[in-house]
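Architecture and fold: a report
Each chain is listed here by its residues.
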Amino acid sequence: MRTVKYTKTTSWKQASAALAKDPKALAIAGGSDLLGMIKEGLEGKGLPRYENLIDIRTIAGSDAITFKASDGLTIGALATLSSLENSDDVKKNYPALARAAGAAASPNIRNSGTLGGNINQRPRCWYYRNTEFDCYKKGGEFCFAVTGSNAYHAILNGELCYIVHPSDTAPALIALGASAVISMADGGEKTVPFDSYFTGPRVDVLRENILKQGDLLKEVRIPAPKAGTGMSFLKAQRRGETYDFALANIATVIVKKDGKVDDSRIVLSGVAPTPYRATVAEEAIKGQAITAQVAQAAADKALLQARPMTDNAYKVGLAKSLIVRSILEAWA
Amino acid sequence: MAEKTNAASFNYVQGDLVSTDPLLLERDAHSRERTGVAQIERVMRGEETPADVVADRTALRRRGVNPTVQPDLSLRVAPGSVVGKPTIDGRARDKITGRAQYSVDTYLPGMLWTKVLRSPMPHAKVSSIDTTKAEAYPGVKAVITYKDVPKATRAALSAEPAFAGEPIAAVAAETAAIAEEAVALIDVKYEPLPFVLDPREALKAAAAKVRTTLAANAARSPQFTYTRGDAAKGFAEAEVTVEVQVETSFEQHVAMEPHNAVAVWDRDLLTIYTGTQWAHGTANGVAAELGIPQSSVRVLAKDTGGGWGDKTGRHPYHIITALLAKKTGRPVRWELNRKDIFLDAGHNYPLFATAKLGVKKDGTITALEGTSYVPSGAYGARANSDDWESATRTYKIPNVKVGGFSAYTNTVDTSALRSVGEASGTFLTENLMNRAAEALNMDPLEFRLKNIETAVDQVANLPYSSNGLRESLERGAELFGWKSRWKGWQKGPVDLTKPQRGVGMVAFTCNKGANSPPMTAIVQIQGDGSVVVNTGAADIGGGQRTVWSMIAAEAIGVALDTVKINAMDTQAGPDALGIFGSRGTKSVGTGVLYAALNAREKLLQGVAFKWKLSNTSDIELKEGKVFRKSDPANTAFQMTVAEAAAAGVVIIDDVPRPAAGTIVGEARVPAFSGYSQKTFGAGFYEIEVDPATGFVRVLEAVQVHDVGRAINPTGLVNQIHGGIMHGINKALTEELLYDPPTGIVVNPNLDDYKLHMIDALPAKIQVDWVEPYDLIGPFGAKGIGEPALLPPSPSIHAAIRDAVGVYVNQQPMTPARILNALAKKA
Amino acid sequence: MGSDADSGGGKPADLSRRAFLRGTGAAAVGVAFVGFGLAEAFRGAWAPGIAQASGVIMPDPSLCIGCLTCEVECSDVHKAVGLSDVPRIRIYHRDSVTVDPEIIASYGARGQFFQHVCVQCPDAPCLPVCPVKALQVESRTGARVIDPETCIACGKCEQACIFPTPIESEAVSTQRYGQKSRITRDEKLNVYAKCDLCSFRPKGPACIERCPVNIKINQGQLKSDVLCLDLLKPVDKANFAKMRDQQTAPKEARP
């Protein structure tokens, strides 16, 4: 493994400034994704060889989890996945998020891996992760998944690059209507709903979200759940309880009113280059009392837009099943 | 494979053990009786029939044992006996606590580190290479390229890489990081050449040649074919014909200890520390390739952390480190990382096969026909007979016509992996048997019990040295409760909204674990009566060391804890042919047994001399005590084994003369013939499939193996448990994948090459074995390591069919494939 | 992948037509090269005063796998030189397209697609309607291009374009641009954008270069006599008319 420079920071401003001035600098939190990438030697025209790691775990209070019944939940981006998974506030008020955090990776990785890292991790596409393939995401000029082995690639919204978004927590956060507080390169701060946080290859194939060099995800804010809210998180994977990235996962939040769906959010990961909000399914169940038939009809409709490739057609049925189960679970 | 009689090898029927090889000391009729060898000889001479032996041994078998999840292993051992007693491996604690030293833990002062440059293309010619920048990089001590290595079928560094990842050049540097940086500075230009990945394509006349020097891509000439009877006639007689097409995958062994070598030269002696299954194989291979005498290469290993078939013989990393060490005059180390291993170590080859089976309505099988293709990689020639091992033997089939085609392909190197051949072959065979049973609406167990052939190996036309297949099936069915749990062939629609359960079973024949010697071993009795066993063979984690200790202790008559097995070192032990093919117990164990008996006899000769007896026939050695058989209470004729060891003699010209020093017992055991030697077993599994996600959970595993006889039941259970875990991986997750357009491996890492973790083991595992007492193995024992892998995958395949009504004919049976099969059916 | 079977027999009708077009095109280029005057005469006869484009991006729907690489690449290369990032080529679903069996064999059935891209009409009805002469003929490639500095976003060219696109909900991408014809408004920059044959790019149109199907055909890994996206030379009127027919035939009559 190569040698890298390592700097501890004590404030978000300091970290953002350090990152903004050096394109070969990257923030490190748990490091479970970043160190692997550096070790593997992933680089390309569009992926610098990181030489300067700016540690943001050392910023005081960056891992705090606070809940107020009036305002909802605030999670420091540096909170570990295991602290989320085990937080009583999270378990009680946002069980889907607790389950999503607990479904990610292995206990070891959850103990060091952070929420921010889980949200901002790079994709798992095996072409991207393989130094032999100079793909679009590394600044190359080809997507090998389009004509190669694509069993674990996108069935929805793929264009140019067919990665799937790997995060388990991201769909839960979108389903819960969460927002990101971003410490910006210029020293400022802004709040962006997670609905518009993730970006696809059309916006910039080299990134998966709106963060630019020097921008850092500082905090995640989730509004307090409305009365009558039910939620669910499900994950399908190749290995049982052991850590694995999702074949597909889903978070569903349903707000019930008078025995009907008043509002809902259904978000999948592992099916599209960004977490995929199944708005078609949401519209299909709005105003309905949920039954297996209603859920199935919504799922079928949501997947009409699917564009599977050579090896991933199975994901269409898988996504439908997950939508059905998730709606039923959130409704129950 | 059946041992063919060969003139040089020993033949029991015609002769006497001693007459063919003076080193084979089987003089003591007493010892023979003790170990059961005498009875085998009587059978061979026709004085007793194998049936008598089986009858005797059936009586010996199972002493009221009724194992549940944790069998009470102590019930199986005779009082006072070492063999058969559950014994925890002496190193188990060290291994679990991380204290154990493996070969990869070898660090020498002044050692350099290696990194290689690998071909990015599956087939190319290196048109130019410039290493000057790499050589100038600070900390780099040597760079070698394909120009610096000896010629070989597969040269350690290649000018014409024939698979993506083949090494081109290597760097030795002060640190691994420097070596890695320097490799990136090697300037190399390639001229891409056409490549072929699929063996079916490779064998077409117009296919690209895997290496430009090849005239054709056929890896064998002639290819494997086997016929008996008349297949066409057999299918004409059949009332029902079923067909299958299966595909399995490239699998890596994924030993916990990565492949490794540290090479160092002392003048003209090359020493290589390496994790190996066969130190002499490694040493001799290196010597041959470097053109130096075998005596100039010393290979030694600490514990080897798993091999599974991929750490035998010479590998490029041995040659590369040896050359770099020579060039730099310093020790050179190379520990392959996981990516190196996935790209460049051996792999199990996938099988692409079609087969059909003809049956009559009463369940009689009339004919089998099949064709298989395997990609052998660019240099290997993989066996195809093993792919058909189980299909051609397990069941009575009068008419058979099968063929296996092995092709060179521009894919990863292939090597043996745990039950190579049989593993894929059983997946194919049992798939066929299940379909036949389904077509006939028969209970799959009944169908198998009706058709198994246990007396004669139909291919070799020889009787089996032991065959406990029927007993294994019956015992397994009993443990699993098959009769009540098999609900018949469900035809109705499956409820796809919730997980479904299913059961499946399998029977198999395997040639691993059954190999007889040749085998050489040396057993020394030290001056204090303690024992050193020198096999030159390795304990690669399967508990072989404990088994050999137990065999030696039992044969000599000393306590187990006084026996030690020498570390693997080509300068210390004789060539034991290595630990592969599950040879540890039966082959190496036989050598240890005979060498121990030889040492014991030499020890007792000294005692006889001291007691002024004309021979050793009236002397017994038991539990470390020597006494007269005819007068055990007479204190004048008693001594400890230590006193006996001190009373050494050597017999020259039939005259015993006192001689101090270590007693050396030795044996060179030839191959045995006249019998077909195989292992057998059965598996019964219950699984649960979630039809929505395609996820399979194994709920219960029952495996019953014919092990001949259990030497160490503890180790045996461990091995079967390991086989179950490994087999579940094979069934459900393991596959190395190519990007077909570029010929590059896409998942050379443990993130995308999925291995299940311990949680995939079923909550309920029942392991048992039957002991038909093999006619050849030491104390009747056979091997278990590889056969233990065979039941899971075909059983799970059958259970998925039972649960959700689809056969998933590609291994591994991933969620994607299960969902695709379900979608296709719907 | 790739069978040895002759896939020629299974080609849909329009492929052979493409082969024909390409053949005549190539022959005509030769003629034009030898007899310059003749080619000039042709041009003059088409639309006096308007130079003909040297190439036309000609898609072959039967080879398209709907990967959208062309769309995104088009956006990217234009964005990179400071132009509007509206994709000048768009992919729409169209069930009536017959997909080449070679494509299905290699990549599976991924759906049926149709490509909308400007064919650089010789008579270019968009050209004369521009009130500010933002639409011009680029000198090197002859592409009809919009100068974003001049464009006042009046929308006349969009209306003049004789290739209306289907309702945008039939587009494969979920990205919406309000596209109505093959000239599209960029709402962010408030200009119109159309295919300019990447005239700023020495390597020619990015879509043609980056189309993965093209790449595989060029590498010989996919058998096809034509490319999925190709730059054809419409040197004679008859040839161009055929091309245009292919692009403008009523939906139900299209292959």
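Residues numbered from 1 in each chain as written. Chains lettered and ligands numbered in written order. Predicted model: local features only at pLDDT ≥ 70, side-chain atom pairs only at ≥ 80, totals over all residues.

Within chain C one finds nine helices and eight strands. Of the contacts made within chain C by residues no fewer than 6 positions apart, 70% connect residues no fewer than 24 positions apart. (Helix = DSSP H or I, 4+ residues; strand = E, 2+ residues; numbered from the N terminus. Contact = placed C-beta atoms within 7 Å.)

What follows concerns the overall build of chain B. Counting its regular elements, chain B contains 23 helices and 34 strands. For chain B, the spread of C-alpha atoms along the three principal axes comes to 85 × 75 × 50 Å. Taking contacts inside chain B between residues at least 6 apart in sequence as the whole, the part at least 24 apart equals 79%.

It is worth spelling out the interface of chain A and chain B at this point. Contacts between the two partners involve 25 residues from chain A and, on the opposite side, 27 residues from chain B. When residues of the side of chain A that touches chain B are traced back to their parent elements, those giving at least two are α8 (144–147) and α12 (314–331) of chain A. Broken down by element, the side of chain A that touches chain B gets its largest block of residues, five residues, from α12 of chain A.

Here the focus is the domain arrangement of chain B. As a measure of interface size, the accessible area lost when the parts come together is often cited. Residue and element names in this part refer to chain B. Per the domain assignment, the segments of chain B are domain 1 (17–48 + 517–669), domain 2 (52–78 + 466–512 + 677–826) and domain 3 (103–193 + 254–345). Looking at the side of domain 1 that touches domain 2, the elements that each hand over two or more residues are α3 (37–45), α18 (544–556) and α19 (583–610). When residues of the side of domain 1 that touches domain 2 are assigned to their parent elements, the largest contribution, seven residues, is made by α19. For the side of domain 1 that touches domain 2, a count of residues per class yields six nonpolar, 12 polar and three charged. (Domains from an automatic or database assignment. Nonpolar A, V, L, I, M, F, W, Y, C, P; charged D, E, K, R; others polar.)

Next up on the list: the pairing of strand β3 (residues 52–55) of chain A. In the sheet, strand β1 (residues 5–8) of chain A pairs with β3 of chain A via four bridges, with the strands oriented parallel. Across the sheet, the residue bridging to K8 of chain A is D55 of chain A, located in β3 of chain A. (Pairing = 2+ DSSP bridges.)

Moving on to the sheet that holds strand β30 (residues 679–690) of chain B. Residues and elements named next belong to chain B. Pairing within the open sheet is mixed, and its four strands lie in the order β19-β30-β31-β34. Each having just a single partner strand, β19 (500–510) and β34 (764–770) make up the two edges of the open sheet. Taking the axes of each pair of neighbouring strands and ignoring which way they run, one obtains an average angle of 15° across the sheet. Two elements, β19 and β30, share 11 bridges in a ladder whose sense is antiparallel. If you follow V506 over to β30, its bridge partner there is G683. (Axes fitted to C-alpha atoms, helices over the stretch in contact; angles between N-to-C directions.)

All names here are of chain B. Look at helix α21 (residues 713–732) against helix α22 (residues 792–804): their axes get within 8 Å of each other, and the N-to-C directions meet at 55°. Between α21 and α22, the interaxial angle falls into the category oblique. Here α21 runs over α22; the crossing is right-handed. On α22, the residues that touch I724, G727, I728, K730 and A731 of α21 are P792, S793 and I796. Counted by class, the contact of α21 with α22 contains five nonpolar, two polar and one charged residues. (Parallel < 35°, antiparallel > 145°, perpendicular 65-115°, else oblique. Left-handed = near helix turned anticlockwise from the far one by under 90°.)

A96 and I323 of chain A together with I551, A552, V592, A596 and I800 of chain B are the most contacted members of the largest nonpolar core, which has 400 residues in total. The greatest single-element share of this core, amounting to 11 residues, is contributed by α19 of chain B. The contacts of V592 of chain B, once residues within four sequence positions are left out, are A521, V523, V533, T535, W548, I551 and A552 of chain B. Y464, F672, L775 and I776 of chain B belong to the second-largest nonpolar core, a separate cluster that totals five residues. (Core = buried A, V, L, I, M, F, W, Y, C linked by C-beta atoms within 7 Å. Buried ≥ 20, exposed ≤ 12 C-beta atoms within 10 Å, placed from the backbone.)

This part takes up the environment of G488 of chain B. With respect to the helices and strands, the residue G488 of chain B is situated in the loop between α17 (482–485) and β19. A C-alpha to C-alpha distance of 8.7 Å links G488 of chain B and D802 of chain B, two positions 314 residues apart in sequence.

A separate point is helix α1 (residues 12–20) of chain A. All names here are of chain A. Buried within α1 are the following residues: W12, A15, S16 and L19. For α1, the arc enclosing every buried residue in end-on projection is 95°, short of the 170-degree limit, so these residues lie on one face. Check the buried side of α1 and you find it contacts β2 (25–28), β3, β6 (179–183) and β8 (216–222). (Arc of directions from axis to C-beta.)

This brings us to the packing of helix α11 (residues 292–302) of chain A against α12 of chain A. All names here are of chain A. For the pair α11 and α12, interaxial distance at closest approach is 8 Å and the crossing angle is 140°. Overall, the two elements α11 and α12 adopt an arrangement that is oblique. Of the two elements, α11 crosses α12, and the hand of that crossing is right-handed. Side by side, α11 and α12 meet where A292, A295, Q296, A298, A299, D300 and A302 of the first sit next to K320, I323, V324, I327 and L328 of the second. Its residues placed into classes, the contact of α11 with α12 shows nine nonpolar, one polar and two charged.

Our focus in this paragraph is the confidence of the model for chain B. Residues and elements named next belong to chain B. Looking at chain B as a whole, its pLDDT mean stands at 88, while 90% of the residues score no less than 70. Every residue in residues 1–37 is under pLDDT 50, and counting partners more than four places away or in other chains gives 65 contacts. Throughout residues 50–77 the model reports pLDDT below 50, and contacts reaching past four residues in sequence, or to other chains, amount to 35 contacts. (pLDDT = per-residue confidence, 0-100.)

Residue and element names in this part refer to chain B. Pairing in this open sheet of eight strands is mixed, and the strands run β3-β4-β1-β12-β9-β10-β11-β23 from one edge to the other. At either margin of the open sheet sits one strand with a lone partner, and together these are β3 (140–145) and β23 (568–569). Running over the sheet, helix α7 (residues 176–184) touches β1 (112–118), β3 and β4 (167–173) and is turned about 25° from β1. Strand contacts of helix α10 (residues 279–290): β10 (269–274), β11 (297–301) and β23, with the helix running at about 150° to β11, the strand carrying the most contacts.

Looking now at helix α23 (residues 815–825) of chain B. α23 of chain B sits mainly inside the fold: eight of its 11 residues count as buried. Every buried residue belonging to α23 of chain B is among P815, A816, R817, I818, L819, N820, A821 and L822 of chain B, and all of these are buried.

Residues S221 of chain B and P222 of chain B are joined by a peptide bond in cis, for which omega reads -5°. Turning to its location among the elements, P222 of chain B is positioned in the loop between α8 (199–202) and β6 (224–228). Across the junction of Q811 of chain B and P812 of chain B, the peptide omega takes the value 5°, indicating a cis bond. Residue position: P812 of chain B is located in the loop between α22 and α23. Here L577 of chain B, not a glycine, exhibits a phi torsion of approximately 65°, which is positive. Along the chain, the position of L577 of chain B falls in the loop between β23 and α19. A tally of 23 C-beta atoms within 10 Å means that L577 of chain B is categorised as buried. Residues other than glycine seldom take positive phi values, yet A124 of chain C does so here, at roughly 30°. Mapped onto the elements of the fold, A124 of chain C is located in the loop between β3 (113–117) and α5 (126–129).

Regular strands place side chains that alternate from one sheet face to the opposite one. Residue and element names in this part refer to chain B. Relative to strand β28 (residues 655–658), strand β27 (residues 649–652) is paired through four bridges, and the arrangement is antiparallel. Residue pairing for β28: V650 is matched across the bridge by R657. Counted along the chain from β27 to the antiparallel partner β28, the turn is two residues long, and its residue D653 has a positive phi close to 50°.

With that settled, consider the confidence of the model for chain C. Residues and elements named next belong to chain C. Per-chain confidence: chain C averages 81 in pLDDT, with 77% of residues scoring 70 or above. Looking across chain C, the model is least confident in helix α1 (residues 13–34), with a mean pLDDT of 39, and most confident in helix α7 (residues 206–210), with 97. Below pLDDT 50 for its whole length, residues 1–45 participates in 55 contacts with residues either more than four positions away or in separate chains. Segment residues 250–255 is flagged for pLDDT under 50; beyond a separation of four residues in sequence, or across chains, it makes eight contacts in the model. Interface confidence for the predicted complex, expressed as ipTM, amounts to 0.95; the pTM equals 0.90.

Residue and element names in this part refer to chain B. With respect to the secondary-structure elements, E474 resides in helix α16 (residues 469–480). Since 17 C-beta atoms lie within 10 Å of it, E474 is described here as partly exposed. Along the backbone, E474 and Q703 are 229 residues apart, and their C-alpha atoms lie at a distance of 11 Å.

Turning our attention to the environment of I290 of chain A. Residues and elements named next belong to chain A. One can find I290 in the loop between α10 (279–285) and α11. As a C-alpha pair, I290 and K260 span 30 residues in sequence and 7.3 Å in three-dimensional space. If we skip the residues at most four places from it in the chain, I290 touches V261, I285, A295, I327, L328 and W331.

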